[in-house]
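# Chain and residue survey
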Amino acid sequence: MIERYKPAARARRTWGLATAIALGASFICAQTPAPPAQQPPPEPPKITVPGQTPKTPSKPGTETHITPEQAKELFSLVDQLIQFSSQETGLPIKSAVKRELTNRIAVETYLTQKFQEDEGAKRLQRGEIVLKKFGMLDHDFDLKPFLLALLKEQIEAYYDSKTKTVNLLDWVDVDEQKPVLAHELTHALQDQHINLEKWSDQTPSNVSTNYRDDTDHLAKDEVDTAREAVAEGQATAVMMDNILKPMGKSLLKDPEVVEFIKQQMTGSDNSPVMARAPLLLSESLLFPYREGLSFEQDIWMDKGQKAAFVGTLDSPPTSTWEIINPREFEKAKVPIVPLLPDIHPIVDNTYKPYDIGQVGQLDLHILTELFGGDNAARDLTPSWDGGIYWAGQRLNAKTPADLASTKSVSLFYLSAWKNEASALAFAKLYSNALGRKYSGLHRDDDAQKAPVDLPSGSVEQVYSTNEGPVVITTRGRLVFVAESFDLQMARKLSSLVLDAQGTGDLKMAYTAPNNPFHAQSAGSSQVAGTTLSGGLVHLFSSCGVMKSAVQAAMKAAAY
């Protein structure tokens, strides 16, 4: 099943598209659902054109702008396309959607303000040090300016649920924006069906500081990422059918087109910033579109339109595992979340809790590809059976330089596997990759020789690094990694966490499926935490649909 999730290879043929298709951005922001009502008459277009909009550039290379007349032509399609989206999804039109034209400066200003004010963006920047500690970003990588550059390169239109407005961009050709509208208007209908701010942004802003909060964070950690994949998967499916149906095709009649679309989602065509993006960023950006589309298509084909659209909005999946494995979601199965015992008596005298979360199947895939390449990711990801991490920052870290350094952070990571062979393979892969993150790396033979009371079947590896010890302990189907704790504390944590899992089937931190086949309410007050990739997935989705998604769809249509 995971084979389809393997990051898409670059296309092997040249496609005869005259222009690269720009894509629109679909903001999933705040809204209170409107009360049910009959379909209202369409609202007349509102044309707002900031600044000058010359029809032709004054000299070669100057950016062109669409005229008010062209904008009116484009806006006239809104009412037609929202009807199409409603028919495709079964989501009713409860209110008119406003439409406006905006310019590049306004969009870039919005993105900059979002980074300054948005709580999700602040949490993501806070988590940058943990991503570097894991080795998912290089230590000298500056995340914020790169993300801003990437978003400015990709974003070309958006639906703003706060103002109930589709915003189109005055520098993108009319014909290039038409395919985007079906995607954006699907988000408008989702927004009218359910409050998307509450639905898709449930991550708490507080840091977990006690055992009870730890358990709550871990139990609900991947909710946001899964929901973003549902929202973007639905919108991409509608956009794709809008392209295909004039040709007599559709996602249901021609399901093989989805695999072709995913193969084209490299995201780097005509996107130099995206071409330089670390794997973590590119995979987080593409996941909601690529795997979300597959998820929606499978539910649609197996269970019908209502289950695929209204059903997955009302009772969405809770994990990336369910998105990647939709047939398991259909069976009402949920992934295992390993138990985290109360670690605070051990760590609180030395560390301030900094971050906690799951290492979901998406995270694991990225981690194994980074550390071992495509083959390692393909072989190990299907054997993933859960993962959690905790990070603390030393209390004696005081200066800004200390607080920004990975040396101030210690973390542990428990990964669970379906079999012992996979656990051993992952432990070897992880240990071989330590040189990516640390200097002065060597096996600590003296520590290995020191007597330690390990349970039968446990294997311990100890390494010295420039940021302190790394201890990797393998026990059956479990691998526990402790990085930068002193050796005594690392062993205490290893014993405590591994013992908590028991000797039989893995215990679970929770059993709370929120699944269409469990008939649970969409209004449940779940609160999500932050997975390694989750903050990025949410940020990208909240800023809009990315260029690579539309380019891939148009290439598939041309084929």
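Residues numbered from 1 in each chain as written. Predicted model: local features only at pLDDT ≥ 70, side-chain atom pairs only at ≥ 80, totals over all residues. Heavy atoms only, no water.

To continue, consider helix 1 (residues 68–75). Among all positions of helix 1, only Ala-71, Leu-74 and Phe-75 are buried. Across the axial projection of helix 1, the buried residues extend over an arc of 95°, all falling on one side. Opposite the buried face of helix 1, by more than 90 degrees, sit the exposed residues Glu-69 and Lys-72. Taken together, the buried residues of helix 1 touch helix 2 (77–89), strand 1 (98–102), strand 3 (165–169) and helix 7 (174–193). (Buried < 20%, exposed > 50% of the residue type's maximum accessible area, 1.4 Å probe, protein only. Helix = DSSP H or I, 4+ residues; strand = E, 2+ residues; numbered from the N terminus. Arc of directions from axis to C-beta. Contact = heavy atoms within 4.5 Å.)

With that out of the way, let us pick up the sheet that holds strand 9 (residues 470–475). Consider a sheet: its strands pair through backbone hydrogen bonds, and that pairing is either parallel or antiparallel. Read from one edge of the open sheet, 7 strands run 4-5-6-10-9-8-7, paired in antiparallel fashion. The sheet terminates laterally at strand 4 (351–358) and strand 7 (442–443), the two strands that pair on one side only. Two strands pair when backbone bridges link them, and strand 9 and strand 10 (residues 478–483) are joined in this way by 6 bridges, in the antiparallel orientation. In the sheet register, Arg-475 faces strand 10, and the bridge partner there is Leu-478. Of the strands in this sheet, strand 4, strand 6 (409–417), strand 8 (458–464), strand 9 and strand 10 are in contact with helix 23 (residues 487–500), which crosses strand 10 at around 155°. (Pairing = 2+ DSSP bridges. Axes fitted to C-alpha atoms, helices over the stretch in contact; angles between N-to-C directions.)

This brings us to the confidence of the model for the protein chain. Here the protein chain shows a mean pLDDT of 80. Residues at 70 or above account for 76%. A low-confidence stretch, residues 1–60 stays under pLDDT 50, and its non-local contacts, those more than four residues away or across chains, total 194 contacts. Every residue in residues 506–529 scores below 50 in pLDDT, and together they form 79 contacts with partners more than four places removed in sequence or on other chains. (pLDDT = per-residue confidence, 0-100.)

Our focus in this paragraph is helix 18 (residues 361–380). In this model, helix 18 (20 residues) spans only 10 Å end to end at C-alpha, well below the 28 Å of a helix rising 1.5 Å per residue. Where helix 18 bends most, at Gly-372, the angle is about 140°. (Expected span 1.5 Å × (residues − 1). Bend = angle between axes of the 7 residues up to and from the residue.)

Within the structure shown, the criterion is met by 14 aromatic pairs. Aromatic side chains Phe-371 and Tyr-430 sit 5.6 Å apart centroid to centroid with 80° between the ring planes, which places their arrangement in the edge-to-face category. Taken together, the residues span a long stretch of sequence, with Phe-371 in helix 18 and Tyr-430 in helix 20 (residues 420–432) at a distance of 59 residues. With relative accessibility at 1%, the residue Tyr-430 sits in the buried group. Arranged with centres 5.9 Å apart and planes meeting at 20°, the rings of Trp-390 and Phe-412 form a pair that is stacked. A residue pair is termed long-range when its members are at least 10 positions apart, and Trp-390 in strand 5 (residues 384–394) and Phe-412 in strand 6 qualify at 22 residues. Neither residue differs from the other here; Trp-390 and Phe-412 are each classed as buried. Taken together, the aromatic side chains of Phe-134, Phe-371, Tyr-389, Tyr-413, Trp-417, Phe-426 and Tyr-430 make up a single cluster linked through ring pairs. (Phe/Tyr/Trp six-rings, centres within 6.5 Å; stacked < 30°, edge-to-face > 60°.)

The sheet built from 3 strands is open, its strands ordered 1-3-2 with mixed pairing. Every interior strand has two partners, whereas the edge strands, strand 1 and strand 2 (157–160), have only one. When strand polarity is set aside, the average angle formed by the axes of neighbouring strands in this sheet is 20°. Alignment of strand 2 against strand 3, held across 4 bridges, turns out to be antiparallel. Note on strand 3: the bridge partner recorded for Ala-157 is Leu-168. Sheet strands in contact with helix 7 are strand 2 and strand 3, and its direction is about 15° off that of strand 2.

Backbone geometry places Lys-164, a non-glycine residue, at a positive phi of 55°. With respect to the element layout, Lys-164 can be found in the loop between strand 2 and strand 3. Lys-164 sits in the partly exposed class, given a relative accessible area of 26%. Non-glycine residue Ala-332 carries a positive phi angle of around 65°. Along the chain, Ala-332 falls in the loop between helix 16 (326–330) and helix 17 (344–347). For Ala-332, a relative accessible area of 23% puts it in the partly exposed group.

Locating Ser-464 in the fold gives a position in strand 8. Along the chain, Ser-464 and Leu-441 lie 23 residues apart, while their C-alpha atoms are 5.6 Å from each other. Beyond its immediate sequence surroundings of up to four residues, Ser-464 is in contact with Gly-440, Leu-441, His-442 and Asp-444. Of note is the side chain of Ser-464, whose polar atom sits 3.3 Å from the side chain of Asp-444. (Polar contact = N/O pair within 3.5 Å; in protein donor to acceptor, adjacent residues only side chain to side chain.)

Further remarks concern the nonpolar core. With 118 residues, the main nonpolar core has Phe-426 and Tyr-430 as its most contacted residues. Top contributing element to this core by residue count: helix 13 (residues 279–303), with 11 residues. Setting aside anything within four residues of it in sequence, one finds Phe-426 in contact with Leu-364, Leu-367, Thr-368, Leu-380, Tyr-413, Ser-415, Trp-417 and Val-479. Counting 24 residues, the second-largest nonpolar core is a separate cluster that includes Val-337, Met-489, Leu-493 and Val-497. (Core = buried A, V, L, I, M, F, W, Y, C linked by side-chain atoms within 4.5 Å.)

A few words now on the pairing of strand 8. Summarising burial for strand 8: 6 of the 7 residues are buried, a large majority. The sheet contact formed by strand 7 and strand 8 spans 2 bridges and is antiparallel. Looking across to strand 8, one finds that Arg-443 is bridged to Tyr-463. In this sheet, strand 9 lies alongside strand 8 in antiparallel orientation, the contact comprising 6 bridges. Opposite Ser-458, over in strand 9, you have Arg-475 as the bridge partner.

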